[in-house]
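What the coordinates show
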Amino acid sequence: MALTIDNFIKLANYYNQTTMIMSAICVQKGGIPMENYVGRMYAADVLEFIADYGRRLKEDKKITIPTDVANAIERFHAEYERVKSLTTPSQKPIYEMSLAEFEKFMNI
C-alpha cells in the first residue's frame, strides 16, 4: 500500500465504520459490552495498523501533512497507546498467548 494521505483517510474511515458496526452488533447480541465482543481483536489490529501508518506518514519528510490529518494521526496514536496493553479475560496479552490459548479464547 502506497504511503499517502488519501490512504490514511480511507483507513481512518474504515476503522470508524468498523467500530460503529461492532457497536451495533453488541447491541443486537443483547447489549454485551464492547470489551467482551470477540471481534474487538480485529478492530485492535486495524487500530494498530492505522497508528503505525500514521507514524510512517509523519516520518516521511517528502509528505506534507495537513493539520486536520496530523490531528487525526495523533488521536489514533493516543487511542492505540491507551488500549495496547489491555488484556484478555485470562489477563494475558494476545501476543503472549500460544496458538492453542488464542483458539480457545476466540472460541475456534
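Check the entry above for the structure.
In what follows, the accompanying structure is described. For clarity, every value in this text was computed on a predicted model and none was experimentally measured.

Right, let's talk about the nonpolar core for a bit. Ranked by size, the top nonpolar core spans 22 residues in total, and within it Phe8, Tyr15, Leu47, Ile50, Leu57 and Phe76 carry the most contacts. Looking at this core, the elements that each hand over two or more residues are α1 (5-28), α2 (40-59) and α3 (67-83). Residues contacting Phe8, with those up to four places away along its chain left out, are Ile50, Tyr53, Gly54, Leu57, Val69, Ala72, Ile73 and Phe76.

Glancing now at the pattern of salt bridges. Side chains that differ in sign of charge can pair as their charged atoms come close. Scanning the entire structure with this criterion turns up 5 salt bridges. For Arg55, the salt bridge goes to Glu59, with nearest N and O atoms at 2.9 Å. Residue Arg55 and its partner Glu59 are located together in helix α2, separated by 4 residues, close to a single helical turn. Arg55 gets classed as partly exposed once you look at its relative accessible area, which sits at 38%.

Analysis parameters
Residues numbered from 1 in each chain as written. Predicted model: local features only at pLDDT ≥ 70, side-chain atom pairs only at ≥ 80, totals over all residues. Heavy atoms only, no water. Core = buried A, V, L, I, M, F, W, Y, C linked by side-chain atoms within 4.5 Å. Buried < 20%, exposed > 50% of the residue type's maximum accessible area, 1.4 Å probe, protein only. Helix = DSSP H or I, 4+ residues; strand = E, 2+ residues; numbered from the N terminus. Contact = heavy atoms within 4.5 Å. Salt bridge = Lys/Arg side-chain N within 4 Å of Asp/Glu carboxyl O.

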